[in-house]
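# Close look at the chain arrangement
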Amino acid sequence: MSDWKRVCSLDEVAECELKEFDVAGIKVVAVRSGDDLFVYPLRCPHMDEPLSTGMCDGATVTCSFHLWQWNMKTGESTGEAEIDLLLYPTKKEGGALFADMAKELTYD
Amino acid sequence: MKIELAARDGEVAFDCDADREILLAGLAAGHGVPYECGTGTCATCKATLEAGEVDEGWEAAPARRLLKKEPREILMCQARPLSDCRLSIRGRLAQPAPTAPGWARGRIESVTPLNHDVLRLEIRPDHPLPFEAGQFMLVDVPEVAGYRGWSMATFDAEGRTLVFTVKMMPGGAVSNWLQACDRTGVEVGLFGPMGKATFRPARDEANLLCIAGGSGLAPILAILERARAAGHFDRYRADVFFGVRTFGDLYETRRLLDLAAACPSHIALTFVFSEAMPSEAERASLPGVAFGEGFVHEVMGRAMAGRFADILAYMAGPPPMVEAAMRLLVMQGKVPPARIRYDKFS
């Protein structure tokens, strides 16, 4: 069963910005590339550091702590990262971004 | 005490005396226990205490703010065991160092001012501590609790002499101790070598990009001298950016100028000033050096534009500078993380 929750309005996340949101008590980070928005768990799978301090260049997300990198659209590791990034399913509706929060995504 | 440390890719066990830090005991036993600063600032060595009791050590360690209370996390670089302990870490074990670090005693041979707030400190260990260019040592001076991480400023493969350049921090406990009286002949505790931001000639065949801010010049000097001695600059070049506030904050410029003079057109020096540009006379005293104004990473970004491909980058200095330079290398330079080397001290 899906559980669509509002993350933010579509214009709240600037291009390549990694922005933290609390969605019904679950912390996530959202990032934009053009018209596409992606939502990951806030914490890096490596050492639990917040990805909101990371970097995005429109193709790759980099955690600023130990420079693990992933394809921003698929979450696949593109370098040193030993664990792929998990993505919440998303949809856009009425000018807002929604994510399916039926299950909190974790790396444990 | 017996320490068991479980990682995602395996488990190691080692002994740790009650007066030793768990991280240091694990490294000395030859295990790849993850760490970066070794001095309580970065949290890379944090672990979950699954069983047993520890003395958590330095209460004000900056990295404490990154620890969870439940389940209880500790900093392995600070914690000493009060019983046998079982710990777990989220990530994998690191590659063990080729030569395991260890404890030593050392004698301060000399303390020499290099400018108004940087001291050159020479320490002779009671047995050789071989190290790689770019590494640092943990130093424990009398009357001040805890280790400080200082990078070696020269390269001595056999590790018979350790030279450090130490910046005096206003109100800093070790700074006050060093300046209170002549400390020549005083015995200190040592642990090392530490650090993964190293240069090895055979492994690291590439043009070098070196970015140093303030007190961060030491490991860069060691790397450049190591590379020069190995003939690295017969084939490759180094672009060196040294950022300070004013002309008076420069130090070890003679060593940098000598290196550049010995490798003409292969070592390019740029000194960057964030507060005041040097006078004409001051500039004239630094022949062959390029000058920049502003933050060292910004000047570096402009000067290196279009030349980031295949470089090997080394950075050392104040944490905000290292962070800014790292972001520029990743975002603008598209430098792969494996080619960006630094040890986090924040």
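The present account deals with the structure reproduced in this document. Quick caveat, the model's predicted, so the values are computed rather than measured.

About the criteria used
- Residues numbered from 1 in each chain as written.
- Chains lettered and ligands numbered in written order.
- Predicted model: local features only at pLDDT ≥ 70, side-chain atom pairs only at ≥ 80, totals over all residues.
- Helix = DSSP H or I, 4+ residues; strand = E, 2+ residues; numbered from the N terminus.
- Rg over C-alpha atoms; globule rule 2.2 N^0.38 Å.
- Contact = placed C-beta atoms within 7 Å.
- Buried ≥ 20, exposed ≤ 12 C-beta atoms within 10 Å, placed from the backbone.
- Expected span 1.5 Å × (residues − 1).
- Nonpolar A, V, L, I, M, F, W, Y, C, P; charged D, E, K, R; others polar.

With that out of the way, let us pick up the overall build of chain A. Counting secondary structure elements, chain A contains 0 helices and 9 strands. The order of helices and strands in chain A, counted from the N terminus, is β-β-β-β-β-β-β-β-β. Against the compact-globule benchmark of 13 Å for 108 residues, chain A has a radius of gyration of 13 Å, which places it among compact chains. Structurally, chain A occupies a C-alpha span of about 40 × 30 × 20 Å along its principal axes. Put simply, 41% of the contacts in chain A that link residues at least 6 apart link residues at least 24 apart.

What follows concerns unusual backbone geometry. Geometrically, the link from Glu 70 of chain B to Pro 71 of chain B is a cis peptide bond, its omega value of -10° lying close to zero. Tracing the backbone shows Pro 71 of chain B in the loop between strand E4 (54–55) and strand E5 (73–75). Note the cis peptide between Gly 192 of chain B and Pro 193 of chain B, where omega equals 0°. Considering the arrangement of structural elements, one finds Pro 193 of chain B in strand E13 (residues 187–194). Its identity is not glycine, yet Leu 67 of chain A carries a phi of approximately 60°, on the positive side. Tracing the chain through its elements places Leu 67 of chain A in the loop between strand E6 (60–62) and strand E7 (69–71). With a phi close to 55°, Lys 334 of chain B is a non-glycine residue in the positive phi region. Structurally, the position occupied by Lys 334 of chain B is in the loop between helix H7 (319–331) and strand E19 (340–341). For Lys 334 of chain B, a count of 12 C-beta atoms within 10 Å translates into the label exposed.

Let us look at helix H3 (residues 217–229) of chain B. Residue and element names in this part refer to chain B. With 13 residues, H3 should reach 18 Å at 1.5 Å per residue; the first-to-last C-alpha distance of 18 Å fits that figure. Extensive coverage of H3 is indicated by the burial of 10 of its 13 residues. All buried positions along H3 are accounted for by Leu 217, Ala 218, Pro 219, Ile 220, Leu 221, Ala 222, Ile 223, Leu 224, Arg 226 and Ala 227. Tucked inside the fold, the buried residues of H3 contact strand E11 (148–151), strand E12 (162–167), strand E14 (208–213), strand E15 (238–244), helix H4 (253–262) and strand E18 (312–316). Immediately downstream of H3, the backbone of Gly 231 shows phi near 75°, a positive value.

With that out of the way, let us pick up the interface of chain A and chain B. Counting from both sides, the interface comprises 11 residues of chain A and, opposite them, 10 residues of chain B. Here the side of chain A that touches chain B is composed, by residue class, of 3 nonpolar, 4 polar and 4 charged.

Right, let's get into the environment of Arg 341 of chain B. Residue and element names in this part refer to chain B. As for its position among the elements, Arg 341 is in strand E19. Take Arg 341: there are 21 C-beta atoms within 10 Å of it, and that puts it in the buried class. For Arg 341 and Ala 316, which are 25 residues apart along the polypeptide, the C-alpha to C-alpha distance reads 8.9 Å. Not counting residues up to four positions away in its chain, the partners in contact with Arg 341 are Ala 197, Ala 313 and Tyr 314.

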